[in-house]
Amino acid sequence: MIDKKLIPVGGLKKEPFSGCHHGMRYFFRSDESKETFSVFVYPEPWSFEKTPEEEKAVQSFPMSEEGMDSAMAWLFEMYEGQKEKWKKADKDCMHIVLEESL
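Rules behind the numbers
- Residues numbered from 1 in each chain as written.
- Predicted model: local features only at pLDDT ≥ 70, side-chain atom pairs only at ≥ 80, totals over all residues.
- Heavy atoms only, no water.
- Helix = DSSP H or I, 4+ residues; strand = E, 2+ residues; numbered from the N terminus.
- Rg over C-alpha atoms; globule rule 2.2 N^0.38 Å.
- Buried < 20%, exposed > 50% of the residue type's maximum accessible area, 1.4 Å probe, protein only.
- Contact = heavy atoms within 4.5 Å.
- Areas by Shrake-Rupley, 256 points an atom, 1.4 Å probe, with all protein chains shown as cover.
- Pairing = 2+ DSSP bridges.
- pLDDT = per-residue confidence, 0-100.
- Core = buried A, V, L, I, M, F, W, Y, C linked by side-chain atoms within 4.5 Å.
- Polar contact = N/O pair within 3.5 Å; in protein donor to acceptor, adjacent residues only side chain to side chain.

**Here's the deal with the overall build of the chain**
Inference 1: Assigned secondary structure in the chain consists of 3 helices and 4 strands.
Inference 2: Listing every helix and strand of the chain by position from the N terminus yields α-β-β-β-β-α-α.
Inference 3: Its C-alpha atoms give the chain a radius of gyration of 14 Å, near enough to 13 Å, the size a compact globule of 102 residues would have.
Inference 4: Projected onto the principal axes, the alpha-carbon positions of the chain cover approximately 45 × 25 × 25 Å.
Inference 5: When each of the 102 residues of the chain is scored for burial, the buried share is 38%.
Inference 6: When contacts within the chain are restricted to residue pairs at least 6 apart in sequence, those whose partners lie at least 24 apart make up 46%.
Inference 7: Taken as a whole, the chain presents about 6500 Å² of accessible surface, with 52% of it coming from carbon and sulfur.

See below:
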């Protein structure tokens, strides 16, 4: 899925990180305190800002290596627990974008 080495804990204090895995998009963002960070998951195809809030799931973690390990485990659980949803989002991605542009 995602390699934890790509997201250094200290880097999250400066700027967010986003990516996707087979239809499941994710967005990491430091909370205001810089002591915790939140991870959001949502389906393809839209950006974090364009995705309706009701389609997002979020969990917060401490800003530490242990927190990052927990975040990676949560991402894995979210993907595995809703695999069919993410596969469908991945498959339908271009159809949704095309319909929106018409």
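**Observations regarding the pairing of strand β1 (residues 17–21)**
Inference 1: The pairing of β1 with strand β2 (residues 24–30) spans 5 bridges and is classified as antiparallel. Bridge assignment links S18 to a residue of β2, and that residue is F27.
Inference 2: Counting the residues between successive antiparallel strands, the hairpin from β1 to β2 contains 2 residues, one of them, H22, with a positive phi of roughly 45 degrees.

**What about the confidence of the model for the chain?**
Inference 1: For the chain, the average pLDDT comes to 90, and 91% of its residues sit at 70 or higher.
Inference 2: Confidence, expressed as mean pLDDT per element, reaches its minimum in the chain at helix α3 (residues 83–101) with 78 and its maximum at strand β4 (residues 57–62) with 98.

**Some points on the nonpolar core**
Inference 1: Counting residues in each nonpolar core, the largest one holds 20 residues, and the members touching the most others are F28, F37, V39, V41, M68 and L75.
Inference 2: Going through the elements one at a time, α1 (9–12), β2, β3 (36–43) and α2 (65–81) are the ones with two or more residues in this core.
Inference 3: With 7 residues, α2 is the largest single contributor of residues to this core.
Inference 4: For V41, the residues in contact, after removing those within four places along its chain, are M24, R25, Y26, E55, K56, A57, W74, L75, M78 and W86.

**Some details on the side chain of K56**
Inference 1: If you trace the backbone, K56 turns up in the loop between β3 and β4.
Inference 2: Residue classification places K56 among the buried residues on the basis of a relative accessible area of 14%.
Inference 3: Within the structure, K56 has its side chain in polar contact with the backbone oxygen of F48 (distance 2.9 Å).
Inference 4: Every residue in contact with K56, bar those within four places of it in the chain, is listed here: V41, Y42, F48 and T51.

**Thoughts on unusual backbone geometry**
Inference 1: That bond from E44 to P45 is cis: its omega, 10 degrees, falls within 30 degrees of zero.
Inference 2: One can find P45 in the loop between β3 and β4.
Inference 3: A positive phi angle, near 45 degrees, is found at H22, a position not held by glycine.
Inference 4: By the secondary structure assignment, H22 is in the loop between β1 and β2.
Inference 5: Positive phi is not limited to glycine here, since K34 has a value of about 65 degrees.
Inference 6: In this fold, K34 is placed in the loop between β2 and β3.
Inference 7: Residue classification places K34 among the partly exposed positions, given a relative accessible area of 39%.

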